[in-house]
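Breakdown of the fold
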Amino acid sequence: MALIFRAHFALIRNPRINSKGVNTSAPMGFVNSLLEILKKQEPTHIAVSFDLSAPTFRHEMYKEYKANRQETPEDISIAIPIVKKIVDAFNIPRIEMEGFEADDVIGTIAKKAAAAGGFQTYMMTPDKDYAQLVDDNTFLYRPSTKGGIEILGPKEVLEKFDLDRVDQVIDLLGLQGDAVDNIPGVPGVGPKTACKLLKEYSTVEGIIENVDQLKGKLKERVSDNREQAILSKELATIKIDVPVEFNEEELKVKEPNKEELVKIFNDLEFKTLLKRVFPGEAPKKVTPKPGEQTSLFGGGAPAAKAAPEEVVEEEIEILIDTINSINKNYRMIDSEERYQELVDYLIKQKEFAFDTETTSLDSLVAQPVGISFSAKKDEGYYVPLTLNEEEDQKILSHFKALFADEKILKIGQNLKYDIQILDNVGVEVKGPFFDTMLAHYLIEPDKRHGMDTLSEHYLNYKPVSIETILGKKGKKQKNMRDIPASEVYEYACEDADITLQLKYALADQLKEKEAETLFNNLEMPLMETLRLMEKEGVNLNVPSLETYSVTLAEEIVQLEKDIYALAGEEFTISSPKQLGIVLFEKMKLVDKPKKTKTGQYATGEEILQGLKQHEIVGKILDFRQLNKLKSTYVDALPKLIKEDGRVHTTYNQAVAATGRLSSTDPNLQNIPIRSSRGKEIRKAFVARDEDHVFMAVDYSQVELRIMAAFSNDEEMINAFKAKKDIHTATAAKVFKVAEEEVDADMRRKAKTANFGIIYGVSAFGLSQQLDIPRTEAKQLIDAYFEEFPAVKKYMDNVINKAREDEYVVTLMGRRRYLRDINSRNFTVRGMAERNAINAPIQGTAADIIKKAMIDIQKWMDTQDLKSKMIMQVHDELIFDVHKDELDVMKSKIKELMENAYEMKVPLEVEVGEGLNWLEAH
């Protein structure tokens, strides 16, 4: 059961949902764990034990046992019988016993196995409680959440828990209790205190007998909780005398039931796992040599991968197609006559898919090695290039009119890349466009959008892997320029063919999900706008970054010295392990420091923020921030400059499920702006020359305006219409004072509440953000909803509607699917509810700025301007503006952005200018 829960929650943010809508995360994770054991460890005997729903003897002893556990998520309830069927199909015995837990069954079998025939038994579970069962023949085999395995024998258990004997694990659990199982233990006694007591008095009973020797609060706690400590020890004790038989013959590893397992895996759509269980079971085909070609187009000729003359019969059929199992008409086009014949064929089509093979993944420097086309299912044509500029221009000249024809729909997967590749060699590609990656992004925003993944899901077809052509990733991987066209053409044709087929499948899905308008009017036009921005790039002031790097290095060295002085020793500050020992063992900053799952002290940002009152912690946080600034931005940015002397980010249109854009190399969205040190980085982004200035245009509080529009809250709407400072206006309402009486602290709290409400913040979350008691945070939220009841009503309504639809929608129709909104599990449901509140607001903000970008680019294209739109960051657009065009750019961009979408609340932008980004912002 622990493995099932672990697999489910490991994929909670990106669950595996099959075409029937079933969450298959838990079965998939369980099967992976099982195969890891069967394939790598090769056990002689195996069994699987499950907990049953009936109460156990522990519930009879203590009614509150496991009482605080939340209800099992529905997806896990559905998964458990599926996993049991899988175990049965593997011909692995399931051992269950009413009145007992799986722990007891496993403990009993392990001990009986050792007694019966000297077996060495490995108990596979993430549950540390099993450590009490470990002996010379019984080991705990713990899978780590981060991958890898921890095997604990007696020596490792004693080291891990700091005990003298293995059986003391039970006493340790009895003393410290277990919040997950609701075992009470002795209040105030943690692992360190428990271990210390056990070293002195051996057992829980020994401690109780010697309670008079204890002192202070500890004596009081043990004395007051004697019976509870004994009960807790009993509850934590794994039984080793459950009435189950150890049948050596029955537990021997057997061959799986192929027929049953194939049926289950096909139903779950576990194609890759099926191959792992039964490698080489796919039907093998013998392909005849292609005959004489009678016709290049129309499918009448023999295929590159022709139908087999003979099929080798297999015991089972793997229900996924590949290039070897389907008739494919894939051709190489490599002569003047054929170029023209291909163009004549394609120019008559309403649509075709194309794909480029290139020398690099960097679209701005890559050169095309070849272009593939497909206009009919299972057909493809590959035009190899030579990388000789003169020869390639002759070849490409045949296709320029085809790519420029605005009557033909061009289909591609990640089209922005391919269009830029052709732009590099002087071929202009004009719309209309259909990008299968972006189509799927609108259909399933939380899923992966790669072509191979989509092909397996929608077409039940596994494409040829790029590694088949180039070799495995790494230094030895070949470049596409080094591979003969005869070895590439089938792979390349397949890419175009699969993309075309995906278009057929996804076009219907777009219609069904009511996303056609958003796709055609927003995402597809934006693709070209982003390409132009990426191509333009931005200028960097490298000398200023180099100077700043030296300054940061000096500050980091000084911080190191200060930290060493406060700690009283030198250590590696960036090592969480060493830092934890210094802060929590040597300096003892807290009584009960948190630990990570690996047993190290937790020293993450959140932990240290709560300890800022200690001088050393403030300096450690500064040390981390400066190191990150220096390595991630100050030193890294100059290395990203291309041959044209500019930095060119890549905008990712299909990453953030909310609809927001992200960017890489550099990640513009994460460039720090709040700290004075971070602002120095913005200063390094400069206008291209003396004739240009930076202009930054930023939507003012756009998400709050959208919240006001969604909720129809008159108070908020009127405040925005009157151009009031919304945070001051909110503070005045919440704290019940006149606006002129609002002080800086009130405004700060109101601002945090304003933005927190949008993200569905809890009283606990708000208390942490504002560093105030939780009761005060709750009062602030209650007062907020009292003054803005329409906001509360909107939030309740949007959650209730989401429960019905299992999705929420932006003003422009972008959907965010929330499959966990009806979960009985509080944590899972809470995350979905917060997304229900925030996604329509954040998504609408994303849609608005995208619409503005399209409108701006359209206008700029008609004006023949020297100015360029060069960056988009959150709610801000940045322009490289020629000084002669500054006035017209200011007024027109402001107009276009404020009129991008009409709402009850007016949109407002702030316009700034300067020689660099910081000045303009």
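Each chain has its residues counted from 1, following the order in which its sequence is written. Residues qualify for local features only when their pLDDT is at least 70, as the model is predicted, and side-chain atom pairs are given and counted only at 80 or more; totals for whole chains, interfaces and linings, by contrast, use all residues. Think of the side-chain values as coming from all heavy atoms in the structure, minus any hydrogens and water.

1. Things to note about a negative patch on the surface
To keep things clear, this is the line we draw: Put simply, a patch holds well-exposed residues, over 30% relative accessible area, that have no salt bridge, with like charges counted together within 9 Å and Val, Leu, Ile, Met, Phe, Trp or Tyr side chains within 5 Å. Calculation of accessible area relied on Shrake-Rupley with a 1.4 Å probe; when residues are assessed, cover is drawn exclusively from the protein chains displayed. Should a side-chain nitrogen of Lys or Arg be within 4 Å of a carboxyl oxygen of Asp or Glu, the pair is scored as a salt bridge. Only four residue types enter the tally: Lys and Arg on the positive side, Asp and Glu on the negative side; His and the chain ends are excluded. Every charge is mapped to an atom, namely NZ of Lys, CZ of Arg, CG of Asp or CD of Glu. Secondary structure elements follow DSSP: runs of H or I of four or more residues count as helices, runs of E of two or more count as strands, with numbering from the N terminus. For every residue, the accessible area obtained with a 1.4 Å probe (protein chains only) is divided by the maximum for its type, and the residue is called buried under 20%, exposed over 50%, and partly exposed between those limits.
On the surface, Asp-689, Glu-690, Asp-691 and Asp-884 cluster together into a negatively charged patch. Tracing the sequence through the fold places Glu-690 in the loop between β18 (685-686) and β19 (692-699). On the basis of relative accessible area, Glu-690 is assigned to the exposed category, the value being 72%.

2. Re the packing of aromatic side chains
Here is the rule: Any two rings among Phe, Tyr and Trp, with Trp reduced to its six-membered ring, count as a pair given centres within 6.5 Å; such a pair is stacked if its planes are under 30 degrees apart, edge-to-face if over 60, and tilted if neither. Either the NZ atom of lysine or the CZ atom of arginine qualifies as a charge over a ring when it sits within 6 Å of the ring centre and within 35 degrees of the ring normal.
Under the defined criterion, the tally for this structure stands at 22 aromatic pairs. Both rings, one in Phe-434 and one in Phe-519, keep their centres 4.8 Å apart while their planes meet at 55°; by these two values the pair is tilted. You can see Phe-434 sitting in strand β13 (residues 433-435) and its partner Phe-519 sitting in helix α22 (residues 516-536), a full 85 residues away along the chain. Here Phe-519 falls in the buried class, since its relative accessible area comes to 1%. When the centroid spacing of 5.6 Å and the interplanar angle of 50° are considered together, the rings of Phe-584 and Tyr-601 count as tilted. With a gap of 17 residues between them, Phe-584 in helix α24 (residues 576-586) and Tyr-601 in the loop between α24 and α25 (605-609) connect regions that are remote in the sequence. Owing to a relative accessible area of 3%, Phe-584 belongs among the buried residues under this scheme. A relative accessible area of 7% means that Tyr-601 is categorised as buried. Site record: aromatic cluster; members linked through ring pairs are Tyr-339, Phe-352, Phe-354, Phe-373, Phe-399 and Phe-403. Lying over the aromatic face of Phe-785, Lys-792 brings its terminal NZ or CZ to 5.6 Å of the ring centre.

3. Observations regarding helix α30 (residues 726-735)
Note the following rule: In what follows, a contact means two residues having at least one pair of non-hydrogen atoms within 4.5 Å.
Among the 10 residues in α30, eight count as buried, and that is most of the element. Restricting attention to buried positions, one finds in α30 the residues Ile-726, His-727, Thr-728, Ala-729, Thr-730, Ala-731, Ala-732 and Val-734. On its buried face, α30 is in contact with α28 (702-711), α29 (714-721), α31 (744-758) and α33 (774-787).

4. Notes on the environment of Glu-428
Mapped onto the elements of the fold, Glu-428 is located in the loop between α17 (415-424) and β13. Exposure remark for Glu-428: the relative accessible area of 51% places this residue in the exposed category. Sequence-wise, Glu-428 and Ala-401 are 27 residues apart; in three dimensions their C-alpha atoms are separated by 9.0 Å. The residues contacting Glu-428, other than those within four sequence positions of it, are Phe-403 and Ala-404.

5. A few points about the packing of α17 against α22
Geometrically, a packed helix pair is captured by the angle between its two axes and the distance between the axes. Defined as follows: Fitting a line to C-alpha atoms yields each axis, with helices limited to the stretch in contact; the angle taken between N-to-C directions then spans 0 to 180 degrees. Convention used here: angles under 35 degrees read as roughly parallel, angles over 145 as roughly antiparallel, angles from 65 to 115 as roughly perpendicular, and any remaining angle as oblique. Here is the rule for handedness: rotate from the far helix to the near one, and if that takes an anticlockwise turn smaller than a right angle the crossing is left-handed, while a clockwise turn gives right-handed.
Interaxial distance between α17 and α22 falls to 10 Å at its minimum, and their mutual angle equals 50°. By the angle class used here, α17 and α22 are oblique. By crossing handedness, the relation of α17 to α22 is classed as right-handed. Residues Leu-415, Lys-416, Ile-419, Gln-420 and Asp-423 of α17 pack against Met-527, Glu-528, Leu-530, Arg-531, Glu-534 and Lys-535 of α22.

6. Describing unusual backbone geometry
Excluding glycine, residues mostly have negative phi values, and the peptide bonds linking residues are mostly trans. Cis rather than trans, the peptide bond between Gly-431 and Pro-432 has omega equal to 10°. Relative to the helices and strands, Pro-432 is located in the loop between α17 and β13. One non-glycine residue, Glu-42, lies in the positive phi region at around 50°. A positive phi is found at Asn-460, a non-glycine position, where the angle reads about 55°. Among the secondary structure elements, Asn-460 is positioned in the loop between α19 (451-459) and α20 (466-470). Classification of Asn-460 as partly exposed rests on a relative accessible area of 27%.

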